[in-house]
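# Descriptive analysis of the structure
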Amino acid sequence: GAGVSQSPRYKVAKRGQDVALRCDPISGHVSLFWYQQALGQGPEFLTYFQNEAQLDKSGLPSDRFFAERPEGSVSTLKIQRTQQEDSAVYLCASSPRGGAGVETQYFGPGTRLLVL
Amino acid sequence: KQEVTQIPAALSVPEGENLVLNCSFTDSAIYNLQWFRQDPGKGLTSLLLIQSSQREQTSGRLNASLDKSSGRSTLYIAASQPGDSATYLCAVLSNDYKLSFGAGTTVTVRA
């Protein structure tokens, strides 16, 4: 079956531009996660949705970062006024149920963002 | 805050040698620990998941151990192959949903 997909796969933005990154989770998955992975580092948690509810946004680096999942399926991560330090791979993951403590998360291929 | 450390950062071995990858974490109050594989330009693939009540998990040539009290896990890969070349990430789940990752060990298996 189809896995988690993300688009675009690569994005080059000029400093100050706004960008929108899309995540299509596995159909029917309740939980959705966004992570940021800097070069040579492990992924860092950004935010967590259970259906359309954003239950945790504690990892978002600044108020320039905004995520939504309005219908409980597709999610968009928006970054306003991009800065060079936003350059990273943005990973999306989903899992079948809420409270995913005993389940693995299924990851998409990521969007590689480069801010010039 | 949970801190996860992986040693070594990189490893290069000849084909057929066994691999030993280490992971340590600072807070022993975890739900589970997972080992992921990451290939360049691709997402993460879960290899093994060990619940906090378990001591080890095995899948084929892979075996992972967990010592929660000392905050350590080890991933063993037997009889390595060139196709095992990738970055291996350790991640711990410290609450219902938030994974904390190490920086990874990049493995190269030479043919």
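Criteria and thresholds
Residues numbered from 1 in each chain as written. Chains lettered and ligands numbered in written order. Predicted model: local features only at pLDDT ≥ 70, side-chain atom pairs only at ≥ 80, totals over all residues. Heavy atoms only, no water. Helix = DSSP H or I, 4+ residues; strand = E, 2+ residues; numbered from the N terminus. Rg over C-alpha atoms; globule rule 2.2 N^0.38 Å. Pairing = 2+ DSSP bridges. Axes fitted to C-alpha atoms, helices over the stretch in contact; angles between N-to-C directions. Contact = heavy atoms within 4.5 Å. Buried area = accessible area lost by both parts, 1.4 Å probe. Salt bridge = Lys/Arg side-chain N within 4 Å of Asp/Glu carboxyl O. Nonpolar A, V, L, I, M, F, W, Y, C, P; charged D, E, K, R; others polar.

### Side note on the overall build of chain B
- In terms of regular secondary structure, chain B is built from 0 helices and 11 strands.
- Its helices and strands taken in sequence order, chain B reads β-β-β-β-β-β-β-β-β-β-β from the N to the C terminus.
- In terms of C-alpha radius of gyration, chain B reaches 13 Å, essentially the compact-globule figure of 13 Å for 111 residues.
- C-alpha atoms of chain B, sized along the principal axes, occupy 40 × 30 × 20 Å.

### Some words on the sheet that holds strand E1 (residues 5-7) of chain A
All names here are of chain A.
- Pairing is antiparallel across the open sheet formed by 4 strands, whose spatial order is E1-E3-E8-E7. Taken across any chain shown, the strands that pair with only one partner, and hence form the sheet edges, are E1 and strand E7 (65-68). Along the sheet, successive strands turn relative to each other by an average axial angle of 15°, direction set aside.
- Pairing geometry for strand E3 (residues 19-24) and strand E8 (residues 75-79), over 5 bridges, is antiparallel. Along E8, the bridge assignment pairs Cys23 with Ser75.

### Let's talk about the interface of chain B and chain A
- Taken together, the contact pairs 22 residues of chain B with 24 residues of chain A.
- Summed over both partners, the interface of chain B with chain A buries about 1,700 Å², with 52% contributed by carbon and sulfur atoms.
- Seen at the junction of chain B and chain A, the total is 1 salt bridge.
- Here Lys98 of chain B and Asp56 of chain A are joined by a salt bridge, their closest N and O atoms 3.6 Å apart.
- For the side of chain B that touches chain A, the per-class residue count stands at 10 nonpolar, 8 polar and 4 charged.

### Some remarks on the sheet that holds strand E6 (residues 56-59) of chain B
All names here are of chain B.
- Overall, antiparallel pairing links the 5 strands, which are arranged E1-E3-E8-E7-E6 in an open sheet. Because the sheet does not close on itself, it has two edges, and the strands there are strand E1 (4-7) and E6. Averaged over all adjacent pairs, the angle separating strand axes in this sheet is 15°, with direction ignored.
- Bridge analysis of E6 against strand E7 (residues 62-67) gives 4 bridges, and the strand direction is antiparallel. In the sheet register, Glu56 faces E7, and the bridge partner there is Ser65.

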